[in-house]
Structures are given as C-alpha cells and as structure tokens.
Amino acid sequence: MSADTRAARAPTRILVSFAAMSSPLPDAVPLAQIRRALVTKLRHHGDVLLTSPVFTTLKHAAPHVEIDALVYRETAPMLANHPAIACLHTIDREWKRQGVARQALAEWGLLRALRARHYDLLIHLTEHPRGLTFAYLLAPRFAVTRERRARSPLWRRRFTHFYRIPAHTPRHTVETNLDALRRIGIQPSLADRKLVLAPDAAAATRIDELLARRELNRGRFVQAHPGSRWLFKCWTAAQMAGLLERIVAGGYPVVITGAPDAGERALVADVLTECTSPTRARIIDLVGELTLAELAALTARARAFVGVDSAPMHIAAAVGTPTLALFGPSSEHVWGPWQVPHRVVASDLHPCRPCDLDGCGGGKVSECLTMLPVERAHAAFVSLLAATSP
C-alpha cells in the first residue's frame, strides 16, 4: 500500500475508533442495560425521514436493543422497512375528529401497546408536549429530549438527559437528531449518518411498469416536484416552466409529481400552462397519482430531481438521486439535501434570508425565491449533470 493510500484511509480509521471508544460523559446511558428503546418524531414527512440515521446509529451501537418508532400515521411510510426498527407505532390525527369517545379508545389502545413494550429508553426528538405524557406513563429508566428555551420543572423532572443545539450557528437537522444520541454517549460514524428509505417491492414493480408504458428508461428522465406543503417555499409557475423548457430542450423528458391537495395541483396546472406545446408533450403529469413508496421508487430511477425544500427533496437524497434544490426563506444549511450530489440555488441578494417566515412580511410570497433567475437554476442543473455523469 502506498503512503498516499495509507494517508487517505487514516481519517476513516480515526472516525471508527472514535465511534467505538467509551464515552467521556459522566452520565452516559449504560447501553448493556437497555432492552427496548422508543424514538418519537411527531412532525411532517421530511422531518421523520431525517430521523432515519438515529435508528441506524443506535442499532449499531447496541445491536441487542429492540428499537421502536412512534410517528403520525401519514408519515409512517418514511420509516417503513427500516432494518433497525422493530415496531412502528402511529398516531392518527383523525382520531380527534371522530368524537371524544373514539379518540379516548384509540389513545388508550396506543398507550397499552406502548406500555406492553416496557421501554428502558425514550428518545423524544421534538418539543411536542406529548413527550411529557410518554415520559410519565411509560416510565423509562432513561429519557432524552431537546433542551427547552424556558426552564420547565415538569420536563426536568420527567427527562434525564437534554441535548443542545447551537444558539447562533446553523446545524443540519440530521445532526441535530443525532445529538440526542451523542448526549447519552453514542458517537455516530459517517456511514451511519446516511438516510434510509426502502420502497417496498410492490411500489418498485408498479413504477417499472409505468415507466415501461411511457417508454421511459431508468436514468433517462428528470423528475420535477414544484410544490410544497407551504407554497411560500415555491418558485413561480413561470419560473419553473422556464427551467423545464430548458431541461426538455437538453434532451430529457420530465416526470412532474406533486401531492394530491388543491394547492399543489393548481401550481402544477399553472406550470404546464406556462410551458410551450412541444415541452408539454415531453412532460408526464403524475400529480396525486403516487403513494409515498411509489414516489420514492420513481425518484430512485430518475437521472436528477428538481424541486424546492420539501419532503420529496429529502426522498431524493435518501435514494441517492442527484438533486437540484431551490431555497428561499428556509436554510439550506439546516434542511439541505443530505449526503447526495446536489446543487442548491438560493438568493445572494437578500441578506434577510433565511428568515423562516411565511413569505416576506408574512405575505405568503418569498421574493428571495421569486427573484431567482431561471438561467442560474439551469446553469446549476447542467453543472450537476456534468458532475454526476455515468
């Protein structure tokens, strides 16, 4: 082995050694004494997917531990088939619309299922107030959550460990989630920090059949997902159409995807209206037609993904598809594409970004997005393709 090769491999050996060494924490959790752990993430789809490295890291640190997850029912596909998860529990937000009696019955059923697992460790990855309920009623020996801005005697009483995030500098959400493990003495390796998303075989089969009917080959089309749950994170229809015109002119057909809600359907309809007839003929509209598993399977077969800060962008990162992401009021340093070849296009003319506001002044329109030139986004797309050519 050459000296250069030995030098190149040295950092990896150091990282592995660091991950395996004993923790300097005086209150590190004794993993040998943990039998079952529950990880909760009661947030949106992308937030849940960004917790996937927590399960991988914890399982590698303590292979004997059975690790369960608790998420909202609609976000469960983000963690389905994760090899480190023993049981995936869900909360259905529709319970509260079914009447007090039915909600109470459903909540009681969930609590019984959770208590039957006899958790030794609770990892609560949000500031959701249900965390207090879980910590109290499940009575784990150890419970970790994010440090709260205001001191709260109840949270201090119910949780044993609190992890911190930097007050004035950005930190990616994946790392913030992993900080919960660092706080209890587990140092993640670089390999364990990868996102995990495993579409089921049925979803993959349906997408392969769909692509075959459309005469689309794997790696020979571009997926565009213009929408988001929050439309103030989105480009204008005219801008997205301008980018798609250039992508199609470059020889790539486009598959356009979106959620089935009215807002995203309307946005995509406007994008297609803005496109010329020759471009529309090369765009396949699958808005509202795919399950989350099918969306992931489709994305995994695309040459590149084009979209905004949204769950589909994180799905693209998880399945390893080169990603072009447009960012406005949210921070690419906190929410950007994780461990995948990518280009981020964001305004350098707005010192106010990222502001995390719902549009400038709360007006639902983000000028840091609406003023982004189409030419700049296309140049980033061409650069991404060049950097990831087979």
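Reading the values: the criteria
Residues numbered from 1 in each chain as written. Predicted model: local features only at pLDDT ≥ 70, side-chain atom pairs only at ≥ 80, totals over all residues. Heavy atoms only, no water. Helix = DSSP H or I, 4+ residues; strand = E, 2+ residues; numbered from the N terminus. Rg over C-alpha atoms; globule rule 2.2 N^0.38 Å. Buried < 20%, exposed > 50% of the residue type's maximum accessible area, 1.4 Å probe, protein only. Contact = heavy atoms within 4.5 Å. Areas by Shrake-Rupley, 256 points an atom, 1.4 Å probe, with all protein chains shown as cover. Lys, Arg positive; Asp, Glu negative; His and termini not counted. Charge placed at Lys NZ, Arg CZ, Asp CG, Glu CD. Core = buried A, V, L, I, M, F, W, Y, C linked by side-chain atoms within 4.5 Å. Axes fitted to C-alpha atoms, helices over the stretch in contact; angles between N-to-C directions. Parallel < 35°, antiparallel > 145°, perpendicular 65-115°, else oblique. Left-handed = near helix turned anticlockwise from the far one by under 90°. Nonpolar A, V, L, I, M, F, W, Y, C, P; charged D, E, K, R; others polar. Salt bridge = Lys/Arg side-chain N within 4 Å of Asp/Glu carboxyl O. Pairing = 2+ DSSP bridges. Polar contact = N/O pair within 3.5 Å; in protein donor to acceptor, adjacent residues only side chain to side chain.

Visitor: Help me understand the overall build of the protein chain in this model?
Guide: The helix and strand tally for the protein chain stands at 16 helices and 12 strands. On C-alpha atoms alone, the protein chain measures out to a radius of gyration of 22 Å, which is about the 21 Å that the 2.2 N^0.38 rule sets for 390 residues. For the protein chain, the spread of C-alpha atoms along the three principal axes comes to 70 × 65 × 45 Å. Relative to its full complement of 390 residues, the protein chain shows a buried share of 50%. Partitioning the intrachain contacts of the protein chain with sequence separation of at least 6 by distance along the chain shows that 65% fall at a separation of at least 24. As displayed, the protein chain offers around 18400 Å² of accessible surface, 55% of which is attributable to carbon and sulfur atoms. In the protein chain, the 48 positive side-chain charges and the 34 negative ones have mean positions that sit 7 Å from each other.

Visitor: Even after reading the chapter, I still don't get the nonpolar core, so can you show me in this structure?
Guide: One broad rule of soluble globular proteins: the nonpolar side chains tend to lie buried together. Grouped together as the largest cluster of nonpolar side chains are 54 residues, with contacts concentrated most on Phe55, Ile123, Leu181 and Leu298. The contact partners of phenylalanine 55, leaving out residues within four places of it in the chain, are Val39, Ile67, Asp68, Ala69, Leu79, His82, Ala84 and Ile85. In terms of nonpolar packing, the next biggest core, distinct from the first, is built from 35 residues, Trp235, Ala241, Leu243 and Val287 among them.

Visitor: When you look at the packing of helix H8 (residues 201-213) against helix H12 (residues 292-301) in this model, what are you seeing that I'm missing?
Guide: The relative placement of two packed helices is expressed as an angle between their axes plus a distance between the axes. Axis separation between H8 and H12 bottoms out at 8 Å; the angle between their running directions is 55°. With respect to H12, the axis of H8 lies oblique. At the point where H8 passes H12, the crossing takes the right-handed sense. Taking contact as the criterion, the partners of Ala203, Ala204, Arg206, Ile207, Asp208 and Leu211 in H8 are, on H12, Ala293, Glu294, Ala297, Leu298 and Arg301. Of the residues in the contact of H8 with H12, the class split is 7 nonpolar, no polar and 4 charged.

Visitor: Help me understand the pattern of salt bridges, please; the structure alone is not making it clear to me.
Guide: Pairs can form between side chains of opposite charge whenever their charged atoms are close. For the coordinates displayed, the defined rule picks out 23 salt bridges. Measuring nitrogen to oxygen at the nearest pair gives 3.2 Å for the salt bridge that ties arginine 73 to aspartate 92. Of the two residues, arginine 73 is situated in the loop between strand E2 (66-72) and strand E3 (85-91) and aspartate 92 in the loop between E3 and helix H4 (100-115); the sequence distance between them amounts to 19 residues. The exposure class of aspartate 92 is buried, given its relative accessible area of 17%. Through salt bridges with shared partners, one network takes in Arg171, Glu175, Asp179, Arg182 and Arg193.

Visitor: Mind showing me how you'd approach the packing of H12 against helix H13 (residues 311-319) here?
Guide: Taken N-terminus to C-terminus, the directions of H12 and H13 make an angle of 55°; their axes are 9 Å apart at the nearest point. The pairing of H12 with H13 is recorded here as oblique in orientation. Handedness of the H12/H13 crossing: right-handed. Across the interface between the two elements, Leu292, Leu295, Ala296, Thr299 and Ala300 from H12 touch Pro312, Ile315, Ala316 and Val319 from H13. Residue classes in the contact of H12 with H13 are distributed as 8 nonpolar, 1 polar and no charged.

Visitor: Quick question: what am I supposed to make of the sheet that holds strand E1 (residues 36-41) here?
Guide: Across a sheet, strands are paired by hydrogen bonds formed along the backbone, either parallel or antiparallel in direction. Strand order in the open sheet formed by 6 strands is E3-E2-E1-E4-E5-E6, with parallel pairing between adjacent strands. At either end of the open sheet lies a strand with only one pairing partner, and these are E3 and strand E6 (161-163). Recorded for the sheet is a direction-independent mean angle of 20° between the axes of neighbouring strands. In this sheet, strand E4 (residues 121-124) lies alongside E1 in parallel orientation, the contact comprising 4 bridges. Each bridged residue has a counterpart across the sheet, and for valine 39 the counterpart in E4 is isoleucine 123. Lying over the sheet, helix H3 (residues 52-61) contacts E1, E2, E3 and E4, oriented at roughly 165° with respect to E2. Contacting E1, E4, strand E5 (142-146) and E6, helix H7 (residues 173-182) runs over the sheet at an angle of about 150° to E6.

Visitor: Before we go on, may I ask you to explain the environment of proline 166 in this structure?
Guide: Position of proline 166 among the secondary structure elements: in the loop between E6 and H7. We classify proline 166 as partly exposed; its relative accessible area is 35%. It is 15 Å that separates the C-alpha atoms of proline 166 and serine 331, two residues lying 165 residues apart in sequence.

Visitor: How should the sheet that holds strand E7 (residues 222-225) be read in this particular structure?
Guide: With respect to topology, 6 strands assemble into an open sheet ordered E9-E8-E7-E10-E11-E12, the strand pairing being parallel. Two strands lie at the open edges of the sheet, namely strand E9 (283-285) and strand E12 (342-346), each paired on one side alone. In this sheet, neighbouring strand axes are inclined to one another by 20° on average, regardless of whether the strands run parallel or antiparallel. Relative to strand E11 (residues 323-327), strand E10 (residues 304-308) is paired through 4 bridges, and the arrangement is parallel. Directly across from valine 306, in E11, lies its bridge partner leucine 324. Those strands touched by H13 are E7, E10 and E11, and its axis lies near 150° from that of E11. Across the sheet, helix H16 (residues 374-387) lies against E7, E10, E11 and E12, angled at about 170° from E12, the strand it touches most.

Visitor: What is the right way to read the side chain of histidine 225 from this model?
Guide: Mapped onto the elements of the fold, histidine 225 is located in strand E7. Classification of histidine 225 as buried rests on a relative accessible area of 4%. At 2.8 Å, the side chain of histidine 225 forms a polar contact with the side chain of threonine 257. Those residues in contact with histidine 225 that sit more than four places away from it in its chain are Thr257, Gly258, Ala259, Glu264, Phe305, Val306, Gly307, Val308 and Pro312.

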